[in-house]
Amino acid sequence: MTFDPTYVSGIGFQHRACFVETGYSDLREDFPDMDQMTREGNNWRNFREAGDLSAMEFSIGPSDCWAIEKRGPQWGGGHVWVIHASFCRADGHPAEPADLDRVLGSLQVRQYETNGNLRAAPQ
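Structural notes, computed from the coordinates. (Residues numbered from 1 in each chain as written. Predicted model: local features only at pLDDT ≥ 70, side-chain atom pairs only at ≥ 80, totals over all residues. Heavy atoms only, no water.)

**A look at the nonpolar core**
For clarity, the threshold we go by: Only buried Ala, Val, Leu, Ile, Met, Phe, Trp, Tyr and Cys residues count toward a nonpolar core, and they belong to the same one when joined by side-chain atoms within 4.5 Å. Buried means the residue's accessible area, taken with a 1.4 Å probe over protein chains only, is under 20% of the maximum for its type, while exposed means over 50%, and partly exposed covers the values in between. Runs of E in the DSSP output that reach at least two residues are strands. Runs of H or I that reach at least four are helices, and both are numbered from the N terminus. Whether two residues touch is decided by their heavy atoms; if any such pair falls within 4.5 Å, the residues are in contact.
In this structure, L53, A55, W66, I68, V80, W81, I83, A85, F87, A95, L100 and L104 together form the largest nonpolar core, which totals 12 residues. Put simply, the parts of the chain that give this core at least two residues each are β4 (53–60), β5 (63–71), β8 (82–88) and α3 (97–106). Tallying contributions element by element places β8 first for this core, with 3 residues. For L104, the residues in contact, after removing those within four places along its chain, are L53, I68 and K70. With 7 residues, the next largest nonpolar core counts M34, M56, C65 and A67 among its residues.

Given below as structure tokens:
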């Protein structure tokens, strides 16, 4: 989910009170029902929160996987963007912090819309 506070469309500015909510009240309880993959999970463990990232490990069969919530910059009562993702390694090894870095590095969050932004994209 993303929201661009500097976007201007044909109908004008977005309302200043717009923002992205995380959507979950307690991630330890909500991660198991986050998506189709996590609904198959069991053995939920090791919930951790560090700044703008929350993560929890779980298992699907013999695979050890992670569910994450990555929060973008704060805006209004929420954030500019929020990512909910779950992943397992395809080789059967347990997911590790380096895998999380690779997953998040592969996602591109763009906050620039060429047809409506008030300022040029960052270089």
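**Some points on the pattern of salt bridges**
For clarity, the threshold we go by: Every case where a carboxyl oxygen of Asp or Glu lies within 4 Å of a side-chain nitrogen of Lys or Arg is listed as a salt bridge.
Per the counting criterion, the structure on display carries 9 salt bridges. Linking R48 and E57 is a salt bridge whose minimum nitrogen-to-oxygen distance equals 3.2 Å. In this structure E57 comes out as buried when scored by relative accessible area, which is 15%. Across the pair R71 and E49 runs a salt bridge whose closest N-O atoms are separated by 4.0 Å. Residue R71 is located in strand β5, and its partner E49 is located in strand β3 (residues 42–50); the two are separated by 22 residues in the primary sequence. Look at R71 and you get buried, because its relative accessible area is 9%. What makes E49 exposed here is its relative accessible area of 53%.

Geometry only, nothing functional implied.
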